[in-house]
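Residues per chain are reported as follows:
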Amino acid sequence: MIKKLGLVAASLGMVLMPLAGTASAKTLDAKPVTDTAAPAVAALSCGSGYKCDDADPGTFSFDRTDTDADRNDPGCATLQLRSGRNSGYWYAWARLQVASGCGLYQGWIDRSYDGGKTWQQWLGLFQTYGSNYGNMYYWPNTATIRACAVRTNGGKTICTSWH
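For clarity, every value in this text was computed on a predicted model and none was experimentally measured.

Engineer: In this structure, what is going on with the overall build of the protein? I would like to understand it.
Structural biologist: Scanning the protein from terminus to terminus reveals one helix and 11 strands. Burial statistics for the protein: of 163 residues in total, 37% are counted as buried. Across the protein, every contact between residues at least 6 apart in sequence was considered, and the portion connecting residues at least 24 apart equals 58%.

Engineer: Got a minute to help me understand the sheet that holds strand β11 (residues 158-159) in this structure?
Structural biologist: Within a sheet, each strand pairs with its neighbour through backbone hydrogen bonds, oriented either parallel or antiparallel. Overall, antiparallel pairing links the four strands, which are arranged β7-β6-β10-β11 in an open sheet. Each edge of the open sheet is held by one strand with a lone partner, namely β7 (120-128) and β11. Where strand β6 (residues 105-112) and β7 come together, five bridges link them in antiparallel fashion. Of the residues in β7, the one forming a bridge with Ile109 is Leu123.

Engineer: Just to check I follow, could you spell out the pattern of salt bridges for this structure?
Structural biologist: A side chain with one charge can pair with a side chain of the opposite charge if their charged atoms come near. Scanning all chains against the criterion turns up five salt bridges. Across the pair Arg85 and Asp63 runs a salt bridge whose closest N-O atoms are separated by 3.2 Å. Taken together, the positions of Arg85 in strand β4 (residues 77-86) and Asp63 in the loop between β2 (31-33) and β3 (64-73) put the pair 22 residues apart, joining distant regions of the chain. We classify Arg85 as buried; its relative accessible area is 6%. Across the pair Arg151 and Asp73 runs a salt bridge, and its minimum N-O distance is 3.9 Å. With Arg151 in strand β10 (residues 144-151) and Asp73 in strand β3, this residue pair connects regions lying 78 residues apart in the sequence. The partly exposed category is assigned to Arg151, whose relative accessible area is 23%.

Cut-offs and rules
- Residues numbered from 1 in each chain as written.
- Predicted model: local features only at pLDDT ≥ 70, side-chain atom pairs only at ≥ 80, totals over all residues.
- Heavy atoms only, no water.
- Helix = DSSP H or I, 4+ residues; strand = E, 2+ residues; numbered from the N terminus.
- Buried < 20%, exposed > 50% of the residue type's maximum accessible area, 1.4 Å probe, protein only.
- Contact = heavy atoms within 4.5 Å.
- Pairing = 2+ DSSP bridges.
- Salt bridge = Lys/Arg side-chain N within 4 Å of Asp/Glu carboxyl O.

Shown next, in the form of structure tokens:
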């Protein structure tokens, strides 16, 4: 009888486990938010939304940050699409980590309002031989964003998928 109860309890746990957490997940500007108890962060000094386009994300505090996507240039560079939320607004920027001896890379983000058919390009453009990131741009729920990079000595452009 005890074995039977244990088996029933284990089966019930396997059925209910995938449902755990789904009721508490919320979305804000179409990005998942799972840290609902995050401490309040002071509003950005640039204001909010598009007023913060082209601001340095390293000078601000965010109540949530994510690496939304990454892409590699094998053996040389890792490109990341990074994002941060402040006061309910999401911002995105590109980050590059370049291996020693691989040369100079440029990184940026593109922002599209039609699913990637047309876009604002080279936002937050920066260069690095090592590790660096570009300026941030507002990421409203009406836009998709991707990060891109290229090795300046004739390498091919790499981009993350649109998010």
